[in-house]
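# Observations on the three-dimensional arrangement
One-letter residues, chain by chain:
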Amino acid sequence: MLLLAAVMTLFSCEKFTSDEVIENAEANSTLVIRTRAAMSQVTEDAKVSYPVNVYIFNESDACVDVETIASEEDELQLSLPEGQYDVYAIGGADASAYELPTKESATKETVIRLKDGQAHGDLMAANNSVTLAYGEENTLMLSLQRKVMMLESVTINNVPGSVTAVSVSVSPLHENILLDGSYSGESVSHTVALTREGVGNTWKSSGSVYLLEAVSSATVKVSFTVGDKIKSYSYLCPEELKANYKINISGTYSGDGVELSGQIQGETWEGTTNVVFDFNEDGSSETTEPGEEDPNGGVSSSAPEIGTVYEGCYVLKRDIQENETVVTLMSLKKLQNLEFTDDDVETVLSENIKSLIEGVELEAEWRLPNKEEIDYILAHKADINGYFSNIIDTNKDVACDNFVPNVSLFYKDVDSSIKVMYLVSGDSDEPKSGNATNLRAVATITFPNN
């Protein structure tokens, strides 16, 4: 009887709690999520595409919450248990146009598919990780990068009067975007039907269209319909058609063939690249190689490409100006855990910059990144990380340290003070001696344009 009474007393003291109450009781930390465009300058083209669909995954890769940020003025404030979370976001994917996963069905590799009859919008994507401590409020800034390119305009001039239809197609393009911002499918073709302007011989597209980026080198095909026959001219584009670029194609029929000139513009990224298309009647193609004839000045024939190694340095960016191309280089090596005081921080960093570029024979003024350059690194950290990984994997003879996109870097602010930029959040802080902030050196060199 005494034993029975003890057991009954034990169970009578246990309080029943529903799953919902348990979940709320464990939500002891706060995560605030804000969004911004992953560009150094906020222009009309650099604004975030809304709505932004946000998916929160826990350490077991289970989706624990799905939320939507509807406008620039909004932010999310979530109550979550302490722990580590991966946050994924897709911007510009409205539920009326796309098949969006639910909390129950979402994985990091879920395909975001267009619904039948719908066209892509200005898609953007971001992902980041955050660790929440007990009772902590943590603000996470998601920098969304554009995942589509824009075919802005297509124009064909001097089309023969016998032609009854003109179209231009681009292929192969990626078919879908995944929740993690990667692509799937490699066989999509997009065709633009042109219309004749008045009674003249110029045919134009009616408007711009968003497309997922091309798979490696794209093929551009121009087709003329004459009676019941279609004559096509194909061209293998030497430049990759990437996301966040505007593409404008214009061409003129010459009697012997079609000559097309096009521009691929990255107004919020690396500048403007000009590509010239030549179509011949025999179906073969002649292309303008980098550094050869370019009607708009073009890039210097010797200016290195972004993401490559030049004279033992990483090519961070290049700016195409009227008469020259300015290339920004960054050291392949890094230093960290540097000891200094408030009085000698600049001297210590300057001395270590010299050691960073030992063995680099290129004559240049090596220094800390400035504010514009550190903002560029922040906006392109994922791409830079990919380039560095490729350099390490494919250039075994090059001494190159990993570029980790969630580290902090020293830079010089606009007031010439030395600051630290946290790439995971975009926040700045005063430098602290002995911590893991990375020191990388940069320099700029110029190349004359053709």
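Structural notes, computed from the coordinates. Keep in mind it's a predicted model, so treat the numbers as computed, not measured. (Residues numbered from 1 in each chain as written. Predicted model: local features only at pLDDT ≥ 70, side-chain atom pairs only at ≥ 80, totals over all residues. Heavy atoms only, no water.)

## Some points on the sheet that holds strand 5 (residues 83-91)
Filter applied, for reference: Pairing between two strands requires that DSSP report at least two bridges joining them. Note on conventions: DSSP H or I runs of at least 4 residues are helices, E runs of at least 2 residues are strands, and numbering of each starts at the N terminus. Convention adopted: a line fitted to C-alpha atoms gives each axis, helices being fitted over their contacting stretch, and angles between N-to-C directions are expressed from 0 to 180 degrees.
On the basis of which strands lie adjacent, the open sheet formed by seven strands has the order 3-2-5-8-9-1-4 and mixed pairing. Of all strands in the sheet, those bounded by a partner on one side alone are strand 3 (63-69) and strand 4 (76-80). Neighbouring strand axes in the sheet, compared pairwise and without regard to direction, differ in orientation by 20° on average.

## Side note on the side chain of glutamate 213
Using the following cut-off: Two N or O atoms form a polar contact when they lie within 3.5 Å of each other; inside protein one atom must be a possible hydrogen donor and the other a possible acceptor, and for residues adjacent in sequence the pair counts only when both atoms belong to side chains. Residue contacts are counted whenever heavy atoms from the two residues lie within 4.5 Å of one another.
Within the element layout of this structure, glutamate 213 appears in the loop between strand 16 (209-212) and strand 17 (214-226). At a separation of 3.4 Å, a polar atom in the side chain of glutamate 213 contacts the side chain of lysine 242. Side-chain polar atoms of glutamate 213 contact the backbone nitrogen of alanine 243, separated by 3.0 Å. With residues near it in sequence (within four places) discarded, glutamate 213 still touches Lys147, Met149, Leu173, His174, Tyr183, Leu241, Lys242 and Ala243.

## Here we look at helix 4 (residues 371-379)
Spelled out, the test is: We call a residue buried when its accessible area falls under 20% of the maximum for its residue type, exposed when it is over 50%, and partly exposed in between, using a 1.4 Å probe and counting protein chains only.
When you tally the buried positions in helix 4, you get seven out of nine residues, the bulk of the element. Inspection of helix 4 places Glu373, Ile374, Asp375, Tyr376, Ile377, Leu378 and Ala379 among the buried residues, and these make up the whole buried set. The N-terminus of helix 4 is capped by asparagine 370, whose side-chain oxygen sits 3.2 Å from the backbone nitrogen of glutamate 372.

## A word on unusual backbone geometry
Note the cis peptide between tyrosine 50 and proline 51, where omega equals 5°. Position of proline 51 among the secondary structure elements: in the loop between strand 1 (29-37) and strand 2 (52-57). At the junction of serine 171 and proline 172, the peptide bond is cis and its omega measures out at -10° in the coordinates. Note that proline 172 resides in strand 11 (residues 165-173). One non-glycine residue, asparagine 158, lies in positive phi territory at about 60°. Looking at where asparagine 158 falls in the secondary structure, it is placed in the loop between strand 10 (148-157) and strand 11. Residue asparagine 158 is classed as partly exposed on the basis of its relative accessible area, which comes to 38%. One non-glycine residue, serine 416, lies in positive phi territory at about 70°. Along the chain, the position of serine 416 falls in the loop between strand 26 (408-412) and strand 27 (418-422).

That is the geometry; function is a separate question.
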